[in-house]
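# Summary of the model geometry
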Amino acid sequence: MMGRMARSCLQSVLKLVNSVIGLAGMGMILYSLWMIRVWLKQIGSSDSNLPWFIITFLILGVFFCFVTCSGHIAAETVNGHCLSCYTVLVFLILILEAAVVADIFLNRSWEEDFPEDPTGKFDELKNFIKSNADMCEWVSISVVAAQAISIFLAIVLRALGPDPGNYYDSDDDLVPARLPLLRNQSQHASYSIDPNLSQQGVSWNIKINDKANN
């Protein structure tokens, strides 16, 4: 009983923490869609190629939402394979974020590593982050903490495994419960003979004996 309650609490907490990653992904998608709208207004139909910055933001947002959906499925089913895949995906996100942060802080000319952004939105984003450093710092810490907690909870849930009351590893677990029922049915089974069939059988036997005597 206690194990079932602990498993249920861990599932709920994992879904809640995983939602933070989904909110970050939806925010990135909405921001990229807004940038696409502004870009199309400025350029029009003369250039249909989107800048790398907008495409990168959109892909990352979609990937974050995909990871969030997989995390909710893994938390609901408590499947070992789903939890393992979810852990690997979140770990890859953490590695990517750590690589970007390390490049920014250790490389003074980190801006040269990125292609040129003709939209100017990349510079606007940098200026926004510099002017709202405290808020952006807390948001970044919250997202990274949510990712780290999600990995920890997924590992704990994978170690606990699914609820044995709802999931069975194989059909062999159900055989002992089915055998008594089958035995009772076989013991209480009654056999009845149709009297008409028995009379027809007797008449056929008499006819065969008469033919044999003749």
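These numbers come from a predicted model, not from an experiment.

## Some thoughts on the pattern of salt bridges
Should the charged atoms of two oppositely charged side chains come close, the side chains can pair. Applying the stated criterion to the full structure yields one salt bridge. Between Lys15 and Glu76 there is a salt bridge, with the nearest N and O atoms lying 2.3 Å from each other. Here the residue Lys15 occupies a position in helix H1 (residues 2-43), and Glu76 occupies one in helix H2 (residues 52-77), the gap between them amounting to 61 residues. Residue Glu76 is classed as partly exposed on the basis of its relative accessible area, which comes to 47%.

## What about the UniProt feature "transmembrane region" (unreviewed entry) in the protein chain?
Under the present numbering, the feature "transmembrane region" (unreviewed entry) in UniProt falls on residues 20-40, 52-74, 86-106 and 138-160. End C-alpha to end C-alpha, residues 20-40 measures 30 Å, and it is 100% helix and 0% strand.

## Let's talk about the packing of H2 against helix H3 (residues 80-106)
As a packed pair, H2 and H3 sit with axes 9 Å apart at the nearest point and diverge in direction by 150°. Between H2 and H3, the interaxial angle falls into the category roughly antiparallel. As for how H2 packs across H3, the hand of that crossing is left-handed. Contacts between H2 and H3 pair Leu60, Phe63, Phe64, Phe66, Val67, Ser70, Gly71, Ala74 and Ala75 from the former with Cys82, Leu83, Tyr86, Leu89, Val90, Ile93, Leu96 and Glu97 from the latter. In the contact of H2 with H3, the residues fall into 14 nonpolar, two polar and one charged.

## Considerations on the nonpolar core
Counting residues in each nonpolar core, the largest one holds 18 residues, and the members touching the most others are Leu14, Val67, Leu83, Tyr86, Val90 and Leu157. At the level of elements, H1, H2, H3 and helix H5 (133-160) are the ones that each hand at least two residues to this core. Looking at which element gives the most residues to this core, the answer is H3, with six residues. Among all residues touching Val67, those that are not within four sequence positions of it are Asn18, Tyr86, Leu89, Val90 and Ile93. Residues Met28, Trp39, Phe53 and Phe57 belong to the second largest nonpolar core, which totals 10 residues.

The rules behind these values
Residues numbered from 1 in each chain as written. Predicted model: local features only at pLDDT ≥ 70, side-chain atom pairs only at ≥ 80, totals over all residues. Heavy atoms only, no water. Salt bridge = Lys/Arg side-chain N within 4 Å of Asp/Glu carboxyl O. Helix = DSSP H or I, 4+ residues; strand = E, 2+ residues; numbered from the N terminus. Buried < 20%, exposed > 50% of the residue type's maximum accessible area, 1.4 Å probe, protein only. UniProt positions renumbered as here; feature names shortened; annotations may be inferred. Axes fitted to C-alpha atoms, helices over the stretch in contact; angles between N-to-C directions. Parallel < 35°, antiparallel > 145°, perpendicular 65-115°, else oblique. Left-handed = near helix turned anticlockwise from the far one by under 90°. Contact = heavy atoms within 4.5 Å. Nonpolar A, V, L, I, M, F, W, Y, C, P; charged D, E, K, R; others polar. Core = buried A, V, L, I, M, F, W, Y, C linked by side-chain atoms within 4.5 Å.

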